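# Fold and contact review
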Amino acid sequence: MISSTLNTYNMKTFLTITLALFISLYSFSQLETRGQVSGTVTSKLMPIEGATIQLFRLVDQKILRMVVSNKEGAFVVPQVDFGTYSILVTAVGYKNFSIDKMDLSSSTPRITKSIILEAITKSLKDVTVSVKRPLIEQKPGKTLINVEASATNAGLNALELLEKSPGVSVDKDGNISLQGKSGVMVLIDGKPTYLSGADLASFLRNVQSNNLDQIEIMTNPPARYDAAGNSGIINIKTKKITIKGMNGSLSTTYTQGIYARFNSSLNLNYRKDKLNVFGSYGHNYSEGFNNLVITRNFYKADKKTIAGTSDQVTRPHFTRESHNVKAGFDYNLSKRDIIGFVVNGSISNGAENPTGRINVRDASGKITYSLNTINDNHSRFVNVSSNANFKHTFDSSGRELTADLDYARYERNDNTLMHTETYNGYGTRSGMDLALKGLIPSDINIYSIKTDYVHPLSKTFKFESGLKSSLVNTDNQVDYSRYDGTSWKVDDRSNQFIYKEAIHAGYVTTSKSWKRLNVTAGLRLEHTNSNGMQVRNDSSFTRRYTNLFPNLGIGMDLNEKHQLNFSYSRRVDRPNYGDLNPFVYFLDSLTYGQGNPYLQPQFTNKAELSHTFRRIVTTTLNYSRTNNVITQLLKQDTEKKITYQTTDNVNSMEQIGVAVMMNSPVTKWWNTNVYLNLYKNHYEGKYQADPIDIQFSTFVANVTNSFTLPKGWAVEVSGFYRSRAAEGLLVAGPMWAVNSGISKQAFKKKGSFRLGVRDIFFTQRFNGYARYSDVDVRIASSRDSRQASLSFTYRFGKNNISPARKKAGGAGEEQNRVNSGGSN
């Protein structure tokens with residue numbers, strides 16, 4: 001049980017806060033002095049889901065509330081002050097509907113309206129249906145970010161979009177955290193990316209915002225999802241046109257920082273009768289830099305007296321070009337059977353030529369020697385992934401069976417050449433130059449099959465179950481050669497690492513609804529069988545383990561003003577494939593990274609309690625404890641003045657926090673979203689028999705203001721602030737940034753221009769330190785973060801909306817754990 005993971009102090013604190021919250025909510029629920037507006041939205045007796053109902057105060061036309069109709073077309077606007085109001089109802093493909101005046105009073109505290117919308121029937125080749133979605137939507141169990149709703153999203157890539165998202169943090173290396181915790185599982189259209197760490201960051205930098213529709217954030221996903229991701233799941237949804245006939249969109253963006261970036265994309269869709277065919281192409285070119293400064297203190301055996309220091313400046317400059325292609329189809333075999341197939345492909349070529357100098361000093365600060373290093377790195381990454389899927393609907397109650405078959409292949413080829421010159425303390429060349437070149441190919445093949453079954457036993461009770469199996473084969477090789485002055489010789493750090501992993505899983509979920517209570521309970525079982533082998537070093541390992549992952553969600557409507565939700569889950573994070581790889585990757589002769597084949601999985605127990613007030617403000621309390629934490633850490637050889645980064649298991653990490661999110665219209669033309677998060681991370685463990693105890697409280701604020709102006713203009717001003725934070729064993733300093741943008745609709749709302757500026761004051765710079773045992777390192781870095789982007793998007797084709805099927809594949813957690821190449 002989760003209570004076994006809580007220490008006494010935190011359990012008492014958590015229970016005290018929870019009890020106080022329940023008491024205060026009960027007191028608030030007794031104050032019912034207002035009325036409500038409710039009703040249904042239909043067309044030709046059919047309910048309309050997703051219609052937007054806006055309530056305006058008649059005296060000044062200030063927008064007070066905005067709600068969306070459910071599957072039955074029903075809506076409720078609760079707790080409305082007595083007064084005179086008007087209503088505007090909009091839905092895609094229907095004419096707007098308005099009620100000019102209605103009075104709420106003590107004699108008429110409840111008003112119910114039956115709203116019938118008229119479909120747009122005129123020739124739609126001359127009409128564009130446009131409904132603006134809010135930037136952020138809060139829904140049960142998840143948060144949605146609508147990408148095109150923000151002018152400052154133009155020209156950004158997926159990683160930069162995540163940096164702006166509430167509760168999401170991205171560190172200096174591109175690692176993603178959610179609510180202050182690493183271990184995020186990232187999906188694309190419900191399917192895993194098979195990438196992790198720096199390679200996931202590289203992949204997301206090649207995914208452009210003009211190809212994206214939504215970002216879906218789930219901090220406690222249900223049992224049908226893979227148990228991976230101890231902090232939650234981020235699902236990035238790409239655009240899929242849902243319109244009959246031939247339709248499409250074309251986007252292009254130019255971005256200028258210190259260096260320029262270009263990207264463009266084309267999306268096409270043809271839908272007719274039973275067939276829907278879709279495809280897209282995207283091209284991206286980017287150039288940038290990263291100034292990196294590292295200072296180190298080296299200690300004597302007492303770990304207190306300084307024996308020497310080093311200071312290092314490295315300036316990587318990179319270029320990157322990628323091409324992305326997507327194609328697929330859906331076909332209705334009958335009214336109840338659908339098959340589909342989709343294939344994605346990408347090719348990315350990158351080059352990086354970091355130059356750096358490191359000065360090694362004695363205890364007095366005098367330089368003993370210096371190293372000048374020039375690197376010439378080239379990488380090529382090719383990915384092909386495919387998904388075949390089938391769905392059978394048994395009846396109109398929602399009973400259905402789905403099946404997915406996935407295959408993905410990743411090929412990565414890196415070429416590196418490092419040349420190092422040595423200088424003595426007087427600045428004179430000394431010794432022989434070091435020249436090292438490496439060829440680093442990697443092949444990964446992933447197979448996955450899964451099936452899911454949903455059976456509503458009644459209108460209030462539903463049963464779900466599913467099975468999944470996945471197989472991963474990786475073959476990684478590194479061939480280093482060292483120049484000895486006359487010829488190239490094989491270096492003893494050359495190696496080959498083969499890793500195979502099979503995961504078999506099954507789950508059951510039940511959900512039951514009462515008048516004011518909703519309960520969902522699930523249980524997932526996963527069995528893992530893995531083995532790794534270092535071919536040239538003749539060493540291997542085998543691991544087998546089986547685990548249960550329970551999941552519980554409880555939702556309660558205290559009244560129309562207050563809603564409560566509680567959730568609990570147990571989750572796992574297995575080591576990334578690249579982190580298991582024992583190869584050495586050099587930044588210079590004294591700084592490198594290395595994998596760890598002895599990594600173990602980490603397990604997390606997590607609980608959340610949230611309260612929503614007037615469906616506008618959501619407050620969430622969270623507690624989690626992770627055992628055997630997988631974290632990056634620095635190790636060093638004081639005698640040789642060598643520092644290297646690796647990944648290891650630390651005993652535990654505990655987090656407790658509170659978050660507040662508010663999404664509310666201020667006026668009819670001004671909407672604001674505020675996200676505030678205060679959390680405390682506490683890491684405990686050992687490093688070389690020395691205790692590790694790192695804990696910090698961190699405050700995060702993310703604010704977005706959107707202004708809708710006449711004649712198709714819109715303006716956005718946004719920003720974020722993060723105080724000092726513990727990112728694993730590295731302590732990161734404060735960081736903040738301000739963004740702004742403006743957009744204009746054109747060509748009868750078929751086109752739009754967007755101009756945005758990110759990090760206006762050039763403050764998004766990283767600084768931090770690591771201090772434990774004999775490790776004492778400070779790091780500062782800056783990149784090309786201040787950028788101005790100008791984009792244009794044009795939509796063409798018919799506009800009679802016809803809903804399309806959203807399809808997610810079955811290869812889940814595996815894709816999140818591939819290392820695909822590039823760390824820029």
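To start, this report covers the structure provided alongside it. (Residues numbered from 1 in each chain as written. Predicted model: local features only at pLDDT ≥ 70, side-chain atom pairs only at ≥ 80, totals over all residues. Heavy atoms only, no water.)

With that settled, the discussion passes to a nonpolar patch on the surface. On the surface, a cluster of nonpolar side chains totalling about 880 Å² of accessible area is made up of Met246, Leu250, Leu266, Leu268, Tyr270, Leu275, Val277, Phe329, Tyr331, Leu333 and Phe341. Those elements that provide at least two residues to the nonpolar patch are strand 17 (245-256), strand 18 (260-272), strand 19 (275-299) and strand 21 (317-332). It is strand 18 that contributes the most residues to the nonpolar patch, three residues altogether. Mapping Leu333 onto the fold places it in the loop between strand 21 and strand 22 (337-352). Residue Leu333 is classed as partly exposed on the basis of its relative accessible area of 43%. (Patch = residues over 30% accessible without salt bridge, like charges linked within 9 Å, V, L, I, M, F, W, Y side chains within 5 Å. Areas by Shrake-Rupley, 256 points an atom, 1.4 Å probe, with all protein chains shown as cover. Salt bridge = Lys/Arg side-chain N within 4 Å of Asp/Glu carboxyl O. Helix = DSSP H or I, 4+ residues; strand = E, 2+ residues; numbered from the N terminus. Buried < 20%, exposed > 50% of the residue type's maximum accessible area, 1.4 Å probe, protein only.)

Our next topic: the packing of aromatic side chains. This structure, assessed with the given rule, holds 22 aromatic pairs. Aromatic side chains Phe381 and Tyr410 sit 5.7 Å apart centroid to centroid with 15 degrees between the ring planes, which places their arrangement in the stacked category. With Phe381 in strand 24 (residues 367-393) and Tyr410 in strand 25 (residues 400-424), this residue pair connects regions lying 29 residues apart in the sequence. Residue Tyr410 is classed as buried on the basis of its relative accessible area of 4%. With a centroid separation of 6.1 Å and an interplanar angle of 80 degrees, the aromatic rings of Phe747 and Phe792 are classed as edge-to-face. In this pair, Phe747 sits in the loop between strand 43 (735-746) and strand 44 (751-758) while Phe792 sits in strand 47 (residues 787-797), placing the two residues 45 residues apart along the sequence. Residue classification places Phe747 among the exposed residues on the basis of a relative accessible area of 52%. An aromatic cluster of three or more residues is present, and its members are Tyr480, Phe586, Tyr592 and Tyr644. Lying across the ring of Tyr423, Arg357 places its NZ or CZ 5.7 Å from the centre. Over the ring of Phe298 we find Lys641, and its NZ or CZ is 5.5 Å from the ring centre. (Phe/Tyr/Trp six-rings, centres within 6.5 Å; stacked < 30°, edge-to-face > 60°. Lys NZ or Arg CZ within 6 Å of the ring centre and 35° of its normal.)

Turning our attention to the side chain of Thr643. Within the element layout of this structure, Thr643 appears in strand 37 (residues 642-665). Once you skip the residues sitting within four places of it in the chain, Thr643 turns out to touch Arg296, Phe298, Leu590, Thr591, Tyr592, Leu634, Lys635 and Gln636. (Contact = heavy atoms within 4.5 Å.)

The next thing to look at is the environment of Arg493. Structurally, the position occupied by Arg493 is in the loop between strand 28 (488-490) and strand 29 (495-513). Taking C-alpha positions, Arg493 is 8.1 Å from Val478, a pair spaced 15 residues apart along the chain. Dropping the residues within four chain positions of it, Arg493 is found in contact with Val478, Tyr480, Arg482 and Phe586. Only 2.9 Å separates the side chain of Arg493 from the side chain of Asp491, close enough to count as a polar contact. (Polar contact = N/O pair within 3.5 Å; in protein donor to acceptor, adjacent residues only side chain to side chain.)

Sheet topology places strand 27 (residues 461-483) next to strand 29; 18 bridges connect them, and they run antiparallel. Bridge pairing in strand 29 links Thr474 to Tyr499. Taking the residues between adjacent antiparallel strands as the criterion, strand 29 and strand 30 (residues 517-534) are bridged by three residues. (Pairing = 2+ DSSP bridges.)

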